[in-house]
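# A structural walkthrough
What follows is each chain in one-letter form.
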Amino acid sequence: MPDSVIITVVVIIVVLFTTFLVLLSRYRKCPSDKIMVIYGKVGSNTDGSMRSARCVHGGASFIWPVVQSFDYLDLTPLSISVDLKKALSRQNIRIDVPSSFTVGISTEQGVMQNAAERLLGLHLTQIQELAKDIIFGQLRLVIATMDIEEINTDRDKFLEAVSRNVESELQKIGLRLINVNVTDINDESGYIEALGKEAAAKAINDAKKSVAEKDRDGSIGEANARRDQRIQVAAADSTAIQGENEAKAAIAASNAIRREKEAESLRRATAAEKSQAARALEEAYLAEQKAEKTRADREKATLEADVLVKAEVQKREVEFQAEAEAERLRRQARGEADAIYAKMEAEARGIQEVLTRQAQGLGQVVQAAGGSASDALRLLLADKMEELLKIQVEAIKNIKIDKVTVWDSASGDGKTPATANFLSGMLKSIPPMQEMFKMAGMELPHYLGQEQAGQPLSSGPDTQ
């Protein structure tokens, strides 16, 4: 392989490896105590406007070279001491409110975007001073809306109002309020101190009054206790005597009720024993009656079963025999029908075969006659001519005339004898051959004779 090719391959590999390392170096991981702000070309918002930055808290992201860059926002909490002096309250009394606030950059999505836009690139001291100014303004505003008594006595309400106002303002620059601690409240006029002395004096007087009232209540209570003791002792004695009497009466009544109940129980027990004995006898009689009835039913059922079973067996035997006979007759009839059908089918096949053969013979005759049906018919008649003449002769062959008496006289014309007319008429009773051929649509050949004008062809021998 040439050296130039090797050098080219090595250069390509080095370039690719370098590109890979560069791209790998652009993949950044975000620490948990920081917010990674990616700025540059980072896409657009839902309304179509360009986004100024993209914040990543936790995880990692790829930073495109040239078109994107990144920086970090520190999430370290910031403790801010606010020594507020001469803040004017709602009563126009100036007070001092030393307090401390703990704030930090928020990780909420919208607030984090505000921090990326307003705090990126600032040091913690700069962020601390910016938050301190906001806290000073909001703290003065809250004190101006409250009385000194509310601020001094209801600290929870004061702290809640401060947290609400300060939190809403800090979110605008991306911060969140973590803690608020008010150490002490003083005023330059001594109003709070006077309130304290007043409260102390009131507490002392209330305590003295409470002690005196307690002493008085103790003496009265002691006297009332002695009186109540005597009354309660007397009432207890009378109640005890009354209770003893009522107890004795109750004991007597209870004994009477006990004896009455014992007598009633004895009566019920005796009646119950007799009733149970009578019921036992009744149940015994009913059981015996039921047993006898059951035995009679069993014997009856046994007899009925014997008779009915035999009758049922005979009935089924007759039914089976009848079904067998009917099946035999059905099979015999089916066999005879099959035989008749086979015979008729064979005869039909024979007739069909004969007709088929005759049709084939006639077809051959027509073919021999040159395809003319009339010529074929003449051939068939010529072939049967001898049989036709024989049949015609047989018609008078067996006529037996034992005796013929003739009174011969001339016929009406005076020339022909009557006997000759008799024989001639007998022969004329046979159908002439010429008529038979005409009926078939044919004519006799010339060599068999022709019909003369006005005279039919004689069908028999000359009688004259």
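In this report, the structure presented in the accompanying data block is examined. What you are looking at is a predicted structure, and each value in this text was computed from that prediction instead of being measured. (Residues numbered from 1 in each chain as written. Predicted model: local features only at pLDDT ≥ 70, side-chain atom pairs only at ≥ 80, totals over all residues. Heavy atoms only, no water.)

Before going further, it helps to spend a moment on the nonpolar core. Ranked by internal contacts, the top residues of the largest apolar core, which has 42 residues, are Ile 105, Ile 143 and Phe 158. Residues Met 36, Val 56, Ile 63 and Phe 70 belong to the second largest nonpolar core, which totals 7 residues. (Core = buried A, V, L, I, M, F, W, Y, C linked by side-chain atoms within 4.5 Å. Buried < 20%, exposed > 50% of the residue type's maximum accessible area, 1.4 Å probe, protein only.)

In spatial order, the strands read S3-S2-S5; together these 3 strands make up an open sheet with antiparallel pairing. Two strands close off the open sheet at either side, each with one partner strand: strand S3 (53-56) and strand S5 (68-74). Along the sheet, successive strands turn relative to each other by an average axial angle of 25 degrees, direction set aside. Pairing of strand S2 (residues 34-40) with S5, which is carried by 7 bridges, proceeds in the antiparallel orientation. If you follow Tyr 39 over to S5, its bridge partner there is Ser 69. (Pairing = 2+ DSSP bridges. Helix = DSSP H or I, 4+ residues; strand = E, 2+ residues; numbered from the N terminus. Axes fitted to C-alpha atoms, helices over the stretch in contact; angles between N-to-C directions.)

An α-helical turn contains 3.6 residues, so a residue and the one three or four places further along point in the same direction. Relative to the 30 Å expected for 21 residues at 1.5 Å per residue, helix H3 (residues 124-144) spans 30 Å between its end C-alpha atoms, a close match to the ideal helical length. Of all the positions in H3, only Ile 127, Ala 131, Ile 134, Ile 135, Gln 138, Leu 139, Val 142 and Ile 143 are classed as buried. Seen along its axis, H3 keeps its buried residues to an arc of 160 degrees; they face one direction. Away from its buried face by more than 90 degrees, H3 exposes Thr 125 and Asp 133. For H3, the secondary structure elements touched by its buried residues are strand S6 (78-88), strand S7 (94-105), helix H4 (148-153), helix H5 (155-170) and strand S8 (175-182). (Expected span 1.5 Å × (residues − 1). Arc of directions from axis to C-beta. Contact = heavy atoms within 4.5 Å.)

Within this structure, the stated rule accounts for 15 salt bridges. For Arg 258, the salt bridge goes to Glu 262, with nearest N and O atoms at 3.0 Å. Taken as a pair, Arg 258 and Glu 262 lie in helix H6 (residues 191-368) at a separation of 4 residues, close to a single helical turn. Across the pair Glu 299 and Arg 295 runs a salt bridge whose closest N-O atoms are separated by 2.9 Å. Of the two residues, Glu 299 and Arg 295 are both situated in helix H6; the distance of 4 residues between them amounts to about one turn of the helix. With relative accessibility at 39%, the residue Glu 299 sits in the partly exposed group. Connected through salt bridges with shared partners, the residues Glu 264, Arg 267 and Arg 268 form a single ionic network. (Salt bridge = Lys/Arg side-chain N within 4 Å of Asp/Glu carboxyl O.)

Honestly, that's just the spatial picture; any functional story needs more than this.
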